[in-house]
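In case you want the letters, here they are:
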Amino acid sequence: MLGSIQRIESPMRRFSEGEEVDYVIVGVGAGGGVLLQRLARAGFRVIGFDAGPFWDTERDWVSDEKGAHNLYWNDMRITAGEHPLAFGANNSGKGVGGGTVHWASFTPRLHPSDFSIHSTDGVGVDWPIPYSDLKPYYELMELELPVSGPSYYPWGDPHGYPYGPHPMGGVGDALIRGCTNLGIGVSAGGPVAILSGSRANRPHCIYRGFCIQGCKVGAKASTLITHVPDAIENGAEIRPNCMVSRIHVGATRRVTGVSYFDSDGRACFQKAKAVIVAGYSIETPRLLLNSACPGFENGLANSSDCVGRYLMAQAGNVVLGRFEELVRMYKAPPAHALTEEFYETDAKRGFARGFAIQTVGPLPMSFAKQMMVAKGAWGWGLRSVMMDYNHWAAFGFLGEILPNADNRVQLAEEKDRLGIPIAKITFNLYDNDKKLIEFGKNKTMEVMWAAGAQEVVQEARYAHLVGAARMGDNPETSVVDQFGRTHDIANLFLCDGSIMPTQGSANPGLTIMALAARAADYLIREGAAVFKSEERNTQKPPIRRDLSPPDTWGHGMPRI
């Protein structure tokens, strides 16, 4: 069961042991799930590996914060640096659907400016593609998920959404009130990949507040719900609870398959004509580095020494305000209103790039942790705050941290239970980052005060990892090209958030999916040449709208 009324009826295809397939995809999350579906629909023989389970939402998911613990990647990692990152619930997922099963499903697009911040602002690096190359894939994903939101969204490249916006909850009302009182533009009701009206065999949202614990209703989009069923229907195999440990390279400097540990801990090998890694910004570089071999002593695809480097996390401070009236911030999707008025660079602020302010809706356990940090609440003081939970609202400040080569993923000497070296992550903030965070945090608190809060506190934190295997035209300064093809190995591809050269102030999920759909069109256009040729066609592929899952078209509100 995938939600309350959606069921996978088709038996899954099983490739026999030793059988060579066209593609192995490592990780069935935002990028891997979209690629799996499209390549299967195009007729390729494809297997998706995921280190976690294939979720049965009725049996495996519960409406409980503590009970959702297994949705997250909780394996050991070493975190270092002056500003170390926290891992677990705030980052990658573990299981089919990846992080999309526990994302808040905010789906704003990147702005056109995000693709050229070095040219325009003198910081970071430019993408090898412009916004216009990704725009049709944004539109596709907004239909396939689908995305609910306003008929007119004014920032970046103005556009509308296929489903109408969600009604406002108490937190959204507070953000709208605070922004309006300060003359700041604000978007109500999205964009968020949660159904505001029923669609096919998925019901509409019932506003129960457990979005990031896994949506048992099936109203919230995840690739588990939106793309995996169609992949299976078209002949893809998914091997859950299988941890890929190494990518193998043959005598011709082309990948030949992957080693993995199956659900019983047995060491296995899967032969493939091409490999796509979609393990996200920690596990993707970890796998490439751990696959070092003669000819690739520093790790696969790492002649540039960029594998693991330029890791980015968005600033994600949470600002909390106490109101006299009841707010009940759980009674709405956590993500349902935002402003991007401060997204672009403003030279008067004294730093480059910008930030967004979004609604968030922490449930009681998360709220308790935030109050311990923000107020130092403990003992009876914490109990007193918790009894006041329904009077608090929370806004998330989402700020762009710039790429830096010293923020990186490396292999540690310590190993996990399977004998694979674990990841060591080093992260530091730099001058521009610190100025942006200070300004953005204070502006978000100003909006909370303007909304009528009686008390305002904040917790410093991070959100949304991207980078560590970035794309670019120059093989000396990047890992993959514009289609995710590694510069060093012609039949090895990467397709997840790790390939993003910069991160903007938008949640990255929609962009990762759009990049995956574009990469799929490229792979389908290239056909068998991917498996045997060293030539690289850099021409844009035709956009294949016929690859969308069933029930994508003819649904939702008319576009304006």
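Everything here concerns the structure above.
**Q** Looking at this structure, I do not really get the overall build of the protein. What am I missing?
**A** Within the protein one finds 13 helices and 18 strands. For the protein, the C-alpha radius of gyration of 22 Å lies close to 24 Å, the compact-globule estimate for 560 residues. Principal-axis analysis of the C-alpha atoms gives the protein an extent of 70 × 50 × 50 Å. The contacts in the protein between residues at least 6 apart in sequence include a share of 74% that link residues at least 24 apart. Taken together, the 55 basic and 59 acidic charged side chains of the protein have centroids lying 2 Å from each other.

**Q** I would appreciate a short explanation of the layout of surface pockets in the present structure.
**A** To find the voids left in a structure, one rolls a probe of water-molecule size over its atoms. By volume, the second largest pocket is sized at about 390 Å³. What lines the second largest pocket is a set of 20 residues, and nearest its centre among them are Q6, N201, P229, P550 and D551. The set of elements that each furnish at least two residues to the lining of the second largest pocket consists of helix 6 (223–226) and helix 7 (228–233). Sort the elements by how many residues they give to the lining of the second largest pocket and helix 7 lands first, with three residues.

**Q** Help me understand helix 12 (residues 509–526) in this model?
**A** Owing to its 3.6 residues per turn, the α-helix aligns residues three or four sequence positions apart on the same side. The terminal C-alpha atoms of helix 12, which comprises 18 residues, lie 26 Å apart, in line with the 26 Å expected from a rise of 1.5 Å per residue. Summarising burial for helix 12: 17 of the 18 residues are buried, a large majority. Count one or two residues on from helix 12 and you reach G527, which has phi positive near 60°.

**Q** Would you mind going over the nonpolar core with me for this structure?
**A** Across soluble globular proteins, nonpolar side chains have a tendency to be buried as a group. With 168 residues, the main nonpolar core has Y23, L35, I247, V275, I276, L492 and L523 as its most contacted residues. With residues near it in sequence (within four places) discarded, L35 still touches I25, I276, C495, A516, A519, A520 and L523. Counting five residues, the second largest nonpolar core, distinct from the first, contains A51, W73, F261 and I420.

**Q** Help me understand the pattern of salt bridges in this model?
**A** Oppositely charged side chains may form a pair once their charged atoms are brought near each other. A full pass over the atoms with the stated rule returns 35 salt bridges. The shortest N-O distance in the salt bridge between D546 and R544 comes to 2.9 Å. Its relative accessible area of 48% is what places D546 among the partly exposed residues. A single network of salt bridges, built from pairs that share partners, joins D114, D121, E344, R353 and E400.

**Q** Just to check I follow, could you spell out the sheet that holds strand 15 (residues 421–426) for this structure?
**A** With mixed pairing, three strands are arranged side by side in an open sheet as 3-15-14. Looking at the sheet topology across the chains shown, the edges are occupied by strand 3 (78–80) and strand 14 (408–415). Sheet twist, expressed as the average angle between the axes of neighbouring strands with direction ignored, equals 30°. Across the sheet, helix 8 (residues 280–290) lies against strand 14 and strand 15, angled at about 65° from strand 14, the strand it touches most.

Criteria and cut-off values
Residues numbered from 1 in each chain as written. Predicted model: local features only at pLDDT ≥ 70, side-chain atom pairs only at ≥ 80, totals over all residues. Heavy atoms only, no water. Helix = DSSP H or I, 4+ residues; strand = E, 2+ residues; numbered from the N terminus. Rg over C-alpha atoms; globule rule 2.2 N^0.38 Å. Contact = heavy atoms within 4.5 Å. Lys, Arg positive; Asp, Glu negative; His and termini not counted. Charge placed at Lys NZ, Arg CZ, Asp CG, Glu CD. 1 Å grid on protein atoms, 1.4 Å probe; cavity = no way out; pocket = protein on both sides within 12 Å on 5 of 7 lines; lining within 4 Å. Points joined across faces, edges and corners; volume = space filled by probe spheres on them. Expected span 1.5 Å × (residues − 1). Buried < 20%, exposed > 50% of the residue type's maximum accessible area, 1.4 Å probe, protein only. Core = buried A, V, L, I, M, F, W, Y, C linked by side-chain atoms within 4.5 Å. Salt bridge = Lys/Arg side-chain N within 4 Å of Asp/Glu carboxyl O. Pairing = 2+ DSSP bridges. Axes fitted to C-alpha atoms, helices over the stretch in contact; angles between N-to-C directions.

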